[in-house]
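# Structural overview for review
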Amino acid sequence: MSEWLELEGRTVIVTGGSSGIGKAVVEALLENNANVVLADLQEPQQELYDKANDDQLLFVRTNVTERSSVENIVNEAKKKYGKIDVLVNNAGINIPRLLVDPKQDESQFELNDAIFEKMVNINQKGVFLCSQAAGREMVKAGKGVIVNMVSESGLEGSEGQSAYAATKAAIYSFTRSWAKELGKYNVRVVGLAPGILEKTGLRTPAYEEALAYTRGITVQQLRQGYTNKSIPLKRDGKLSEVADLVVFLSSDRASYITGTTYNIAGGKTRG
Ligand SMILES: NC(=O)c1ccc[n+]([C@@H]2O[C@H](COP(=O)([O-])OP(=O)(O)OC[C@H]3O[C@@H](n4cnc5c(N)ncnc54)[C@H](O)[C@@H]3O)[C@@H](O)[C@H]2O)c1
């Protein structure tokens, strides 16, 4: 498999690679002998370093919302590996909030400016900043791939998660538009849109409490509903299944794929 994908020696930046999907992506890339630049607010656990050969994993503490911090990733990646082949825009957050909460005035579960701006900054502006910084290098090199972690909610909408879903809808659009701009420089831009997955760092108690509230159900009911009847495959997706798609899209085996976002949701299309 690793030989078929031919990722050995490729340099891949993964934002948000210390937890959840990003961590699974880093593991899959290391298995495929790629060099990984892990850009995250928090350092990965030792187990991730243990999976890397000498010099195969570089952690760069990064805040994707700050231009100087993002430019630092590119500089560090070039210093260590001399080039950037792939950027995986994965860092993201989700804070569920209602547009209107008729149950209480000044509700903590109603969307406010600060929460809206925080989600747009990380999920949308962060993708723009990282793609611009890495994209400049790829255009100069005449080759590269940008892989965006979207979410099926971006197309489908999501009760209690409108601001999050809207940031993801923006990434569908970035993916299509940047593919049109960068194709002539041999730079591909692709997305993937997971549905319901096994638990990640994103599913915190505060997240579950807020999402259950916005849907008028208990946290218990919310948990039962994660693997609900609307998924034809009748189970959550594995993080490794999402990582496998990222790795494929990053490789030259996907060389004629650009400007599109793959649904990876076990057949679930509405929710
Ligand atoms: N978990 C799911 O079910 C699911 C479904 C669809 C899409 N997604 C998307 O997948 C991506 C990863 O989500 P996850 O569930 O693995 O979450 P997670 O919370 O486990 O991991 C997110 C990582 O991003 C990092 N991060 C957050 N803000 C950052 C910033 N400003 N700068 C740099 N790093 C930052 C965090 O430190 C963390 O390590 C997100 O874009 C999310 O929207 C997740």
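A short tour of the structure in this document, coming up. None of the values given here were measured: they were computed from a predicted structure.

Before going further, it helps to examine the site of the ligand. Neighbouring the ligand are 25 residues, the closest being Ser-19, Ile-21, Asp-40, Tyr-164 and Thr-200. In this structure, an oxygen atom belonging to the ligand sits 2.9 Å away from a side-chain N or O atom of Lys-168. Here an oxygen atom of the ligand and a backbone polar atom of Leu-202 are 3.2 Å apart. Considered on its own, the ligand offers 830 Å² of accessible surface; in the complex 91% of this is hidden by protein. Where the shell around the ligand is concerned, the elements lending two or more residues are α2 (20-31) and α7 (162-182).

Here Asn-89 lies in strand β4 (residues 86-89). A polar contact is formed between the side chain of Asn-89 and the side chain of Ser-131, at a distance of 3.0 Å. Discounting residues that sit within four places of it in the chain, Asn-89 has contacts with Thr-15, Val-127, Cys-130, Ser-131, Ile-146, Val-147, Asn-148 and Met-149.

A separate point is the environment of Leu-245. Looking at the secondary structure, you find Leu-245 in helix α10 (residues 239-250). Each C-alpha atom of the pair Leu-245 and Lys-184 lies 24 Å from the other, and the pair is 61 residues apart in sequence. Residues in contact with Leu-245, not counting those within four places in the same chain, are Leu-192, Tyr-262 and Ile-264.

Within the largest apolar cluster, 35 residues are counted, with the highest numbers of intra-cluster contacts made by Val-14, Val-26, Leu-29, Leu-57, Val-147 and Leu-192. Among the secondary structure elements, those contributing two or more residues to this core are β1 (11-15), α2, β2 (35-40), β3 (57-61), β4, β5 (144-149), β6 (187-194) and α10. Formed by 32 residues, the second largest nonpolar core is a distinct cluster that contains Ile-13, Val-74, Tyr-81 and Val-150.

Attention shifts here to unusual backbone geometry. For Glu-6, which is not glycine, the phi torsion reads 50° and is therefore positive. Within the secondary structure, Glu-6 sits in the loop between α1 (2-5) and β1. Take Glu-6: its relative accessible area is 51%, and that puts it in the exposed class. We note that Glu-106 has phi near 45°; this positive angle belongs to a residue other than glycine. Relative to the assigned elements, Glu-106 resides in the loop between β4 and α5 (113-141). On the basis of relative accessible area, Glu-106 is assigned to the exposed category, the value being 84%.

So, on to the packing of α2 against α10. As a packed pair, α2 and α10 sit with axes 8 Å apart at the nearest point and diverge in direction by 55°. With respect to α10, the axis of α2 lies oblique. In terms of crossing hand, the pair formed by α2 and α10 is right-handed. For the pair formed by α2 and α10, the contact residues are Gly-20, Ile-21, Ala-24, Val-25, Ala-28 and Leu-29 on the first element and Leu-239, Ser-240, Val-242, Ala-243, Val-246 and Val-247 on the second. Along the lines of polarity and charge, the residues of the contact of α2 with α10 split into 10 nonpolar, two polar and no charged.

Rules of the game
- The written sequence of each chain sets the order in which its residues are numbered from 1.
- In keeping with the predicted nature of the model, local features appear solely for residues at pLDDT of at least 70, side-chain atom pairs appear and are counted solely at 80 or more, and the whole-chain, interface and lining totals rest on all residues.
- With hydrogens and water excluded, all non-hydrogen atoms of the structure serve as input to the side-chain values.
- Nearness is judged by heavy atoms alone; a residue qualifies as near a molecule or strand once a single heavy atom is within 4 Å of it.
- Polar contacts here mean pairs of N or O atoms no more than 3.5 Å apart (in protein, one a potential hydrogen donor and the other a potential acceptor; neighbouring residues in sequence count only if both atoms are side-chain atoms).
- Exposure was quantified through the Shrake-Rupley algorithm and a 1.4 Å probe, taking into account, for residues, occlusion by the shown protein chains and nothing else.
- Helix and strand assignments follow DSSP, with helices taken as H or I runs no shorter than four residues and strands as E runs no shorter than two, numbered in order from the N terminus.
- Any two residues whose heavy atoms approach within 4.5 Å at even a single point are treated as in contact.
- By convention a nonpolar core is built from buried Ala, Val, Leu, Ile, Met, Phe, Trp, Tyr and Cys residues, the set being connected through side-chain atoms within 4.5 Å.
- Residue burial is assigned from relative accessible area. The probe radius is 1.4 Å, only protein chains are included, and a residue is buried under 20% of its type maximum, exposed over 50%, and partly exposed in between.
- Axes here refer to lines fitted to C-alpha atoms; in helices the fit is confined to the stretch in contact. Angles between the N-to-C directions go from 0 to 180 degrees.
- Throughout, the term roughly parallel applies to angles under 35 degrees, roughly antiparallel to angles over 145, roughly perpendicular to angles from 65 to 115, and oblique to all others.
- Working rule for handedness: look at the near helix, and if it is turned counterclockwise from the far one by less than a right angle, call the crossing left-handed; if clockwise, right-handed.
- As a working rule, the residues Ala, Val, Leu, Ile, Met, Phe, Trp, Tyr, Cys and Pro are called nonpolar, Asp, Glu, Lys and Arg charged, and the rest polar, with Gly in that last group.

Purely geometric numbers; function is a separate question.
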